[in-house]
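Report on the structure
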4 protein chains.
Amino acid sequence: MGHQRKALRSGMGRSTADSITVCGLDLTNDVLGKLNLGEFAFLEIKGRVPTPDESVVFNAMLATLVEHGMTPMAIAARLTYLGAPESLQSAVAAGLCGMGTTFAGTAEGAARILQEGLASGGGESGLPQLAKKIVADHIAAKRTIPGIGHPLHKPIDPRTPRLFQLAEEHGVSGRYVELMLLISAEAERALAKPGMLPVNATGALGALACELSIPWKLCRGLAVIGRAIGLVGHIAEELRDPIAREIWERTDEESSSSPFQVAANR
Amino acid sequence: MGHQRKALRSGMGRSTADSITVCGLDLTNDVLGKLNLGEFAFLEIKGRVPTPDESVVFNAMLATLVEHGMTPMAIAARLTYLGAPESLQSAVAAGLCGMGTTFAGTAEGAARILQEGLASGGGESGLPQLAKKIVADHIAAKRTIPGIGHPLHKPIDPRTPRLFQLAEEHGVSGRYVELMLLISAEAERALAKPGMLPVNATGALGALACELSIPWKLCRGLAVIGRAIGLVGHIAEELRDPIAREIWERTDEESSSSPFQVAANR
Amino acid sequence: MGHQRKALRSGMGRSTADSITVCGLDLTNDVLGKLNLGEFAFLEIKGRVPTPDESVVFNAMLATLVEHGMTPMAIAARLTYLGAPESLQSAVAAGLCGMGTTFAGTAEGAARILQEGLASGGGESGLPQLAKKIVADHIAAKRTIPGIGHPLHKPIDPRTPRLFQLAEEHGVSGRYVELMLLISAEAERALAKPGMLPVNATGALGALACELSIPWKLCRGLAVIGRAIGLVGHIAEELRDPIAREIWERTDEESSSSPFQVAANR
Amino acid sequence: MGHQRKALRSGMGRSTADSITVCGLDLTNDVLGKLNLGEFAFLEIKGRVPTPDESVVFNAMLATLVEHGMTPMAIAARLTYLGAPESLQSAVAAGLCGMGTTFAGTAEGAARILQEGLASGGGESGLPQLAKKIVADHIAAKRTIPGIGHPLHKPIDPRTPRLFQLAEEHGVSGRYVELMLLISAEAERALAKPGMLPVNATGALGALACELSIPWKLCRGLAVIGRAIGLVGHIAEELRDPIAREIWERTDEESSSSPFQVAANR
């Protein structure tokens, strides 16, 4: 006796001998040479081609997290490539595995509070009231408010005004962006940190994802798409000018010459 | 006593409090809203912005492998997401790990024989002679010639003429494309399979990567960039219309009701 | 100007031309042929060799999650191996990526409530009082109590009494095991589900990890060690009797013949 | 129209409400407290419980590659854990992805030449003749002979004599070990490097895997099992005494202060 069967359905893609269909479009005639890569990503996620305005904003969103220099992810990808040069795909995969809560979690966190806030009818008494409630709830629960402040990019994260400007110019800015900005202002007020908690790049990404009706659970995927490109870029550089072996040897040498550490939890 | 130190250098990206530089460009002002995602990928890999012609061709190359329906990679990513929904990045990573020799190895294989063929001066007596030699060497060594033929897309892979047409129209087509076509024709002749070994999509990608001076070792990276996007698309669909649990339950049920298999190599 | 440097220290292992030291022991003379694999894992995690009693219990703990048949992780590993047979390590890695909150999170969750409960002095007024408080807190916050109940193994998870019996016989059972059992009893009482919320295998593992002073953040590592073995076992079977391609083809065929689904969030 | 269906069979494990069967044994009664972790791994791979002699040798084989200090894999796992501390499993997975040809490929390479050599009837004119042929073939093809020589462990890899001694004492040593030793001697003679190409640890592992009738394609799995344990050990240390952030910051700082590198392949 088995479980109740459910049909396996998908509209992502299908092939015949002479055609490949992707999300309802013909790959050869409708996509290749017609859509740029960001537009194809939009099609994959939303199931339709973006408008020209949406295309500009979405390409910019994906571009935001492609490259941030020698991150832990980039170093991990390079070290993995050193050990398995025959598996470039696994080096990128290893790098992506580090795109967790520490670095990418805040985009989805920001999108979540915005989506849940407005979905719950929280905006009816006005967005400023909703922002006040969100900030107060986080402070009461001693939780960090996602999407505001940045350890390095102070007083403002330069990516945020540019992303919001593009959204404004292309008609993609709305209540979510407004709410995100209000949360930042309210947090600075309530925590007495004027000018110190501006919307950061992941907060901007989260707000714009909301404007495009992308579910918050998928926001980390935007970071993953961008970073996969950046990691291939790092492996391209590693091929030209390798540093992984040097990082390994230095780390091994220094840690090997440390006095033996007795484990704390014996 | 340690090893000879080597400086750790990188030109991929760097940040200050108010700016982020990527491959020598200012992310905020030169990239966001200016470059589409494929152009940014070109910048990451080649270290310079593509020309408008190169942009069209490179975006098409990356788009080629984004989506091919319910591949093993897509299924693996969905099953991984079922077990670890908090780690979307790891679901994509798991899917990418399957982008190995079976599915993506031929793009780099094709690029390799083209690059090594022309680099070794093998083209001096003419490309037809070189194609003859490459095919003969593979047949003698009983090795498959990468980049030609396809199990499903027969007699031609619809993506190839489109990619080559775009390359031609945008001035990116040259000796590598020519050599790839000659190898296909020579293989059909030598193996007596007329019309059955056309250049496939990975062969076309390999040839175009050569035209753009991308090293063959990096060709798998082009597939990885595309497929990362496709895998996020599959997870987006899995969120809307999940099938991973059903695939699991069916597989578990059927394999559990099989008679117990004694391992062959006891 | 750089950051404040911190020395890189490690006591895990070091090598000279004629010796390899692991956690302070000589690999060749003290480990090979002397410690079984579970004892070595104990050494790696705790920094010391286990007693014979601890060895029995810890080997049993690690063995608990090695194999649970055709799990999503096993299927994902097999599909990945199909695509990249040259990278067995990446197939195992892909499988492990699915060992997330859905399947392995509860061991660490159980260990966490036990460790935090007793660390906070919560046991001073007696373990039954502490169990009552833990259950009440979870019910009030509408959170699932980790480590109790099981969808399949009802009324009891057969692994739990065996693990607890081994712990008892080998002197490893104590207040954490007691508290875990009290939480189960109290949850059945408070939720009016008599006999339906027994301690499950991950709850037992969590409690025993506490008895061995393993931090809750590391509990998922015990599952990972076991499952890595199980995944290699599945790949061994896949080599003898492959099923990945069949799973792929069935899934692709059925989903390709479904009517095209319009994405819900256009 | 679909493909020819094939049944999905597996003997790895199955569960009922009150029992879990693994490779034909009852997990609760036959495995927990009865088999150590290495014996369970043998069961998973071979489908039967090892003899006591086989157990000693197989546990030693798996233990050989558990820990080798601050390898690229260990560093990659720690960096990944820094970015995604909620996904310990993905940190181990990222580390495993680097267990490729550079570090683990030689065990399978050694096992392959031994298995293919003896399977092809190559041993009929005597093992010394076969060793001569294998070495000559590799030299003619300019291929490295796997399993001999070591960059650090010179003149001998201390693990090898110990593994071969254990195999001898426990009746597991035979023609494969003999052939491996003959290959080493012949290579030293043919390449005029006396005493410089002894059997290394992966060569010993490859030979012993052959003695246990483990297919060469699975040898990397033995390395993967061991190293998964070692990587959990490194994460345990990282929790007690973190170094990943320091490695990241040093690498970022130094590479960020390098003059901008123009990409070589523009």
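Residues numbered from 1 in each chain as written. Chains lettered and ligands numbered in written order. Predicted model: local features only at pLDDT ≥ 70, side-chain atom pairs only at ≥ 80, totals over all residues.

For chain A, the helix and strand inventory stands at 12 helices and three strands. Overall, the C-alpha framework of chain A stretches about 60 × 60 × 55 Å when taken along its three principal axes. Split into buried and exposed, the 266 residues of chain A put 61% on the buried side. (Helix = DSSP H or I, 4+ residues; strand = E, 2+ residues; numbered from the N terminus. Buried ≥ 20, exposed ≤ 12 C-beta atoms within 10 Å, placed from the backbone.)

Time to look at the sheet that holds strand β3 (residues 25-26) of chain C. All names here are of chain C. Here three strands make up an open sheet; going across it, the order is β1-β2-β3 and the pairing antiparallel. Where the open sheet ends on each side, the last strands, each with one partner, are β1 (13-16) and β3. In this sheet, β3 lies alongside strand β2 (residues 19-22) in antiparallel orientation, the contact comprising two bridges. By the bridge assignment, V22 is partnered in β3 with L25. (Pairing = 2+ DSSP bridges.)

Let us now look at unusual backbone geometry. Most peptide bonds adopt trans geometry, and most residues besides glycine take a negative phi value. For K142 of chain B, which is not glycine, the phi torsion reads 55 degrees and is therefore positive. Among the secondary structure elements, K142 of chain B is positioned in the loop between α7 (127-140) and α8 (159-169). Its identity is not glycine, yet C23 of chain D carries a phi of approximately 50 degrees, on the positive side. Here C23 of chain D is to be found in the loop between β2 (19-22) and β3 (25-26). Among the residues examined, C23 of chain D registers 27 C-beta atoms within 10 Å and is labelled buried.

Taken together, the contacts link 37 residues of chain A with 37 residues of chain D. Contributing elements (two or more residues each) for the side of chain A that touches chain D: α4 (72-83), α5 (88-97) and α12 (244-256) of chain A. Here the side of chain A that touches chain D gets eight residues from one element, more than from any other, and that element is α4 of chain A. (Contact = placed C-beta atoms within 7 Å.)

Attention shifts here to the packing of helix α4 (residues 72-83) of chain D against helix α12 (residues 244-256) of chain D. All names here are of chain D. One can describe the packing of α4 onto α12 by two numbers: an axis separation of 8 Å at closest approach and a directional angle of 95 degrees. Classed by the angle they form, the pair α4 and α12 counts as roughly perpendicular. Across the interface between the two elements, I75, R78, L79, Y81 and L82 of α4 pack against A244, R245, I247 and W248 of α12. (Axes fitted to C-alpha atoms, helices over the stretch in contact; angles between N-to-C directions. Parallel < 35°, antiparallel > 145°, perpendicular 65-115°, else oblique.)

To continue, consider α7 of chain B. Residues and elements named next belong to chain B. The first and last C-alpha atoms of α7 sit 20 Å apart over 14 residues, in line with the 20 Å expected at 1.5 Å per residue. Taken residue by residue, α7 has L127, L130, A131, I134 and V135 as its buried positions. An end-on view of α7 places all buried positions within 130 degrees of arc, on one side of the element. Those residues of α7 that are exposed and aimed more than 90 degrees away from the buried face are A136 and A140. On its buried face, α7 sits against α6 (105-119) and α9 (175-190). Positioned one or two residues after α7, K142 has a phi angle of 55 degrees, which is positive. (Expected span 1.5 Å × (residues − 1). Arc of directions from axis to C-beta.)

Taken together, the contact between chain D and chain C spans 81 residues of the former and 81 residues of the latter. Among the elements that line the side of chain D that touches chain C, the one with the most residues is helix α11 (residues 219-240) of chain D, at 14 residues. Class assignment for the residues of the side of chain D that touches chain C results in 42 nonpolar, 23 polar and 16 charged. (Nonpolar A, V, L, I, M, F, W, Y, C, P; charged D, E, K, R; others polar.)

Strand order in the open sheet formed by three strands is β1-β2-β3 (chain D), with antiparallel pairing between adjacent strands. Either end of the sheet is taken by a strand with one partner, and the two such strands are β1 (13-16) and β3 of chain D.

Turning next to the relation of the copies chain D and chain C. Overlaying chain D on chain C yields an RMSD of 0.0 Å, the required transformation being a rotation through 180 degrees with an accompanying axial translation of 0.0 Å. Here the transformation between the copies is reduced to the relation of a two-fold axis. Looking at the rotation axis and the C-alpha trace of chain D, the residue lying nearest is A93 of chain D, at 2.1 Å. Both copies share a contact surface, since 100% of the interface residues of chain D are interface residues in chain C too. (Least-squares fit on C-alpha atoms with pLDDT ≥ 70 in both.)

Next up on the list: the relation of the copies chain A and chain D. Its rotation angle being 180 degrees, the transformation that places chain A on chain D also includes 0.0 Å of axial translation and leaves an RMSD of 0.0 Å. When the interface residues of chain A are mapped onto chain D, 100% of them again fall at the interface, so both copies present the same face.

A large share of helix α2 (residues 37-46) of chain D lies buried, amounting to 10 of its 10 residues. Of the positions making up α2 of chain D, those classed as buried are L37, G38, E39, F40, A41, F42, L43, E44, I45 and K46 of chain D. Looking at the buried residues of α2 of chain D, the elements they touch are α2 (37-46), α3 (52-64) and α11 (219-240) of chain C together with α1 (27-31), α3 (52-64) and α11 of chain D. Residue G47 of chain D follows α2 of chain D closely and has a positive phi angle near 80 degrees.

We now examine the confidence of the model for chain A. In the predicted model, chain A carries a mean pLDDT of 93, and 96% of its residues have values of at least 70. Scored by ipTM, the complex comes to 0.96, with pTM at 0.96. (pLDDT = per-residue confidence, 0-100.)

Let us look at the environment of V172 of chain C. Residue and element names in this part refer to chain C. Residue position: V172 is located in the loop between α8 (159-169) and α9 (175-190). Separated by 39 residues in sequence, V172 and E211 have C-alpha atoms that sit 6.4 Å apart. Apart from residues lying up to four places away in sequence, V172 is in contact with D53, E54, V57, A167, L208, E211 and L212.

Residues and elements named next belong to chain A. When strand β1 (residues 13-16) meets strand β2 (residues 19-22), the two strands line up antiparallel, connected through four bridges. Note on β2: the bridge partner recorded for T16 is S19. Connecting β1 to the next strand, β2, in antiparallel fashion are two residues. Hairpin connection from β2 to strand β3 (residues 25-26): two residues lie between these consecutive antiparallel strands, with C23 at a positive phi of about 50 degrees.

Residue and element names in this part refer to chain D. Secondary-structure assignment places R227 in helix α11. Assessed through the 30 C-beta atoms surrounding it within 10 Å, R227 is described here as buried. Along the chain, R227 and L181 lie 46 residues apart, while their C-alpha atoms are 26 Å from each other.

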